[in-house]
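# What the coordinates show
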Amino acid sequence: MSGDRVKEIFFPVGHYKNVPYFMPQDSIGNGGNNLSLMESQWQDWKSVADTQGITLWSHTEIFERKGYTVENNLYTAAPDRVQIQLAISGKYVEKHCCWEAISFTDPAIHGKAAEELKNFMEKQYR
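Just so you know, these numbers come straight off a predicted model, no measurement behind them. (Residues numbered from 1 in each chain as written. Predicted model: local features only at pLDDT ≥ 70, side-chain atom pairs only at ≥ 80, totals over all residues. Heavy atoms only, no water.)

### A word on the overall build of the chain
A count of helical and extended segments in the chain gives five helices and five strands. Residues classed as buried in the chain amount to 33% of the 126 residues present. Long-range pairs, those at least 24 residues apart, make up 66% of the contacts in the chain between residues at least 6 apart in sequence. Accessible surface, the chain as shown: approximately 7600 Å² in total, 52% of it carbon and sulfur. (Helix = DSSP H or I, 4+ residues; strand = E, 2+ residues; numbered from the N terminus. Buried < 20%, exposed > 50% of the residue type's maximum accessible area, 1.4 Å probe, protein only. Contact = heavy atoms within 4.5 Å. Areas by Shrake-Rupley, 256 points an atom, 1.4 Å probe, with all protein chains shown as cover.)

This is how it looks when you write it as structure tokens:
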């Protein structure tokens, strides 16, 4: 989605005058986006946010959708993929947020992959 389209959909002129932050999700985990498109996506989001005078944050998805059934649905993302996501969006955003962190970094819920991601994130970002 181009920056002009983003602006048209999310920021009609004057509509968000008092909104201090804008935090779009990167949609990598859910399958709505891919890493090859992230750089231009965040450039567009940043352009729109700057034009509107809004601080840009990122909602980083740290899961992987492998299907749409209960048995084959959401899994913890690999640390190397999350690192790429954070590196790309980090050029454009003030902060990162992750709604799913409590679940997808919990080994009791998502096993060894969650433990690996949790250890990676604690080592890299504390």
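There is more to say, and it comes next.
### Comments concerning the packing of helix α2 (residues 35-52) against helix α3 (residues 79-90)
When two helices pack together, you describe them by how their axes are tilted relative to each other and by the distance separating the axes. For the pair α2 and α3, interaxial distance at closest approach is 9 Å and the crossing angle is 20 degrees. Classed by the angle they form, the pair α2 and α3 counts as roughly parallel. Crossing of α2 over α3 shows right-handed handedness. Residues Leu35, Met38, Glu39 and Trp42 of α2 lie in contact with α3, whose contacting residues are Arg81, Ile84, Gln85, Ile88 and Ser89. By residue class, the composition of the contact of α2 with α3 is five nonpolar, two polar and two charged. (Axes fitted to C-alpha atoms, helices over the stretch in contact; angles between N-to-C directions. Parallel < 35°, antiparallel > 145°, perpendicular 65-115°, else oblique. Left-handed = near helix turned anticlockwise from the far one by under 90°. Nonpolar A, V, L, I, M, F, W, Y, C, P; charged D, E, K, R; others polar.)

### Brief notes about unusual backbone geometry
Glycine aside, a negative phi is what most residues show, and trans is what most peptide bonds show. The phi angle at Ser27 is positive, at roughly 60 degrees, despite the residue not being glycine. Counting through the fold element by element, Ser27 comes out in the loop between β1 (21-22) and α2.

### Brief notes about the pattern of salt bridges
The final tally for this structure, using the stated rule, is four salt bridges. Glu39 is paired through a salt bridge with Lys91; the nearest N and O atoms lie 2.9 Å apart. Of this pair, Glu39 sits in helix α2 while Lys91 sits in the loop between α3 and β5 (95-97); the two residues are 52 residues apart in sequence, bridging distant segments of the chain. One salt bridge connects Glu64 with Arg81, and the closest N-O pair in it is separated by 2.4 Å. Taken as a pair, Glu64 in strand β3 (residues 63-69) and Arg81 in helix α3 lie far apart in primary sequence, 17 residues in all. Using a relative accessible area of 29% as the deciding quantity, one classes Glu64 as partly exposed. Exposure remark for Arg81: the relative accessible area of 11% places this residue in the buried category. (Salt bridge = Lys/Arg side-chain N within 4 Å of Asp/Glu carboxyl O.)

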